[in-house]
Amino acid sequence: MHFYPQERIALFIDGANLYAAARALGFDIDYKRLLEVFAKNGRLVRAFYYTALIEDQEYSPIRPLVDWLDYNGYSMVTKPTKEYTDASGRRKIKGNMDIELAIDMLEMADRLDHIVLFSGDGDFRKLVDAVQRRGVRVTVVSTVRSHPPMVADELRRQADVFLELQDLSGEIARAHGDRPPRPSQAASAIRDNAPPPPSKAEHEDADDDDDDDDYDDDEYEYEDGDEDEGEPEVTPRGSNF
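These numbers were taken from a predicted model, which means no experiment stands behind them. (Residues numbered from 1 in each chain as written. Predicted model: local features only at pLDDT ≥ 70, side-chain atom pairs only at ≥ 80, totals over all residues. Heavy atoms only, no water.)

Caption draft 1: Representation of the overall build of the chain in the model. If you tally the helices and strands in the chain, you get eight helices and 10 strands. Classification of the 241 residues of the chain by burial places 54% in the buried group. In the chain, the share of contacts with a sequence separation of at least 24, taken over all contacts with a separation of at least 6, comes to 72%. Counting every atom, the chain has about 11,800 Å² of accessible surface; 43% of that belongs to carbon and sulfur. (Helix = DSSP H or I, 4+ residues; strand = E, 2+ residues; numbered from the N terminus. Buried < 20%, exposed > 50% of the residue type's maximum accessible area, 1.4 Å probe, protein only. Contact = heavy atoms within 4.5 Å. Areas by Shrake-Rupley, 256 points an atom, 1.4 Å probe, with all protein chains shown as cover.)

So, in structure tokens, the structure goes:
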């Protein structure tokens, strides 16, 4: 990786986008290992993780992961989703975290030498340009090896370094033998610094059903009667979009 030992590094993780990219490549993220990989490549100042939460559920499958990250070195940035019904009667849930990520990155830029952005969202191109003009190097982590590619071409071109997520999988993938704590064990797992719950619980139905939910940038759409546990998947916005 392209890092210098004395660089001040911060990670900015678009949770839904990273999950979708890893899933497209067929592996789950071990967030403890991910933190260790970047901590040994420089002076890791902060690791931000961004995700929206559906708060009106009795149990959210993403909550154990959020809690584990919060206790184990990540700065969590969350907000509740907003629900509304469009003109065609489809139920939509908005959960965009782009503004929060952009503000945090701009505020931190003067205290950093190198920013690592885990996202392929082309909307971040101008943000990357802005922090680069403050003298900060930017590495974008996503993938071009999924079909379609998860990273927008304009974001990849803007980055100082593009890091292919699949090339990192050997260092940050969760071992298949690692079983997550059950919901009833989540609190003790957090206290004992256990490996995090599976990222598969993140941004998808708890039962891992294949449904017809649509995802349009920052909107989740549901037909009436659809189950809404968890969060829907991301539709990649690559160079063909």
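Moving on from the model shown.
Caption draft 2: View of the sheet that holds strand β6 (residues 114-118). Strands sit in the order β3-β2-β1-β6-β7-β8 across an open sheet of six strands; the sheet is parallel. Where the open sheet ends on each side, the last strands, each with one partner, are β3 (75-80) and β8 (161-164). For this sheet the average axis-to-axis angle between neighbouring strands, irrespective of direction, equals 20°. As paired strands, strand β7 (residues 137-142) and β8 are joined by four bridges and run parallel to one another. Among the inter-strand pairings, threonine 139 is bridged to a residue of β8, identified as valine 161. (Pairing = 2+ DSSP bridges. Axes fitted to C-alpha atoms, helices over the stretch in contact; angles between N-to-C directions.)

Caption draft 3: Spatial organisation of the nonpolar core. Residues Leu11, Tyr31, Leu34, Phe38, Tyr74, Phe118 and Leu165 are the most contacted members of the largest nonpolar core, which totals 35 residues. Secondary structure elements with two or more residues in this core: β1 (8-14), α1 (15-25), α2 (31-39), β2 (43-53), α3 (63-71), β6 and α7 (165-172). Ignoring anything within four residues of it in the chain, the contact list for leucine 11 reads Leu34, Leu35, Phe38, Leu44, Arg46, Ala47, Phe48, Val116 and Phe118. Core analysis: the second largest hydrophobic core is formed by 26 residues, Ala52, Ala102, Leu117 and Val140 among them. (Core = buried A, V, L, I, M, F, W, Y, C linked by side-chain atoms within 4.5 Å.)

Caption draft 4: Focus on helix α5 (residues 125-132). Every buried residue belonging to α5 is among Leu127, Val128, Asp129, Val131 and Gln132, and all of these are buried. Buried residues along α5 sit against α4 (98-108), β6, β7 and α6 (153-158).

Caption draft 5: Spotlight on the packing of α2 against α7. One way to put it is that α2 packs onto α7 with a least axis distance of 9 Å and a crossing angle of 105°. Looking at the two axes, α2 sits roughly perpendicular to α7. Listed contacts from α7 to Arg33, Leu34, Val37 and Phe38 of α2 are Leu168, Gly170, Glu171 and Ile172. Grouping the constituent residues of the contact of α2 with α7 by class yields five nonpolar, one polar and two charged. (Parallel < 35°, antiparallel > 145°, perpendicular 65-115°, else oblique. Nonpolar A, V, L, I, M, F, W, Y, C, P; charged D, E, K, R; others polar.)

Caption draft 6: Summary view of the pairing of β6. Within β6, five of the five residues are buried, which leaves it mostly tucked inside the rest of the structure. Burial along β6 is two-sided: the residues His114, Val116 and Phe118 and Ile115 and Leu117 are all buried. Bridging between β1 and β6 involves five bridges; their strand directions are parallel. What sits directly across from isoleucine 9, in β6, is histidine 114. Inspection of the sheet shows β6 paired to β7 by five bridges, in the parallel sense. Bridge pairing in β7 links valine 116 to threonine 139.

Caption draft 7: A look at the confidence of the model for the chain. Averaged over every residue, the pLDDT of the chain is 80; residues scoring 70 or more account for 72%. For the stretch residues 180-192, pLDDT sits under 50, and the model shows 14 contacts to residues farther than four places along the chain or on other chains. Across residues 204-217, where pLDDT falls below 50, the model places 32 contacts with residues more than four positions away in sequence or in other chains. (pLDDT = per-residue confidence, 0-100.)

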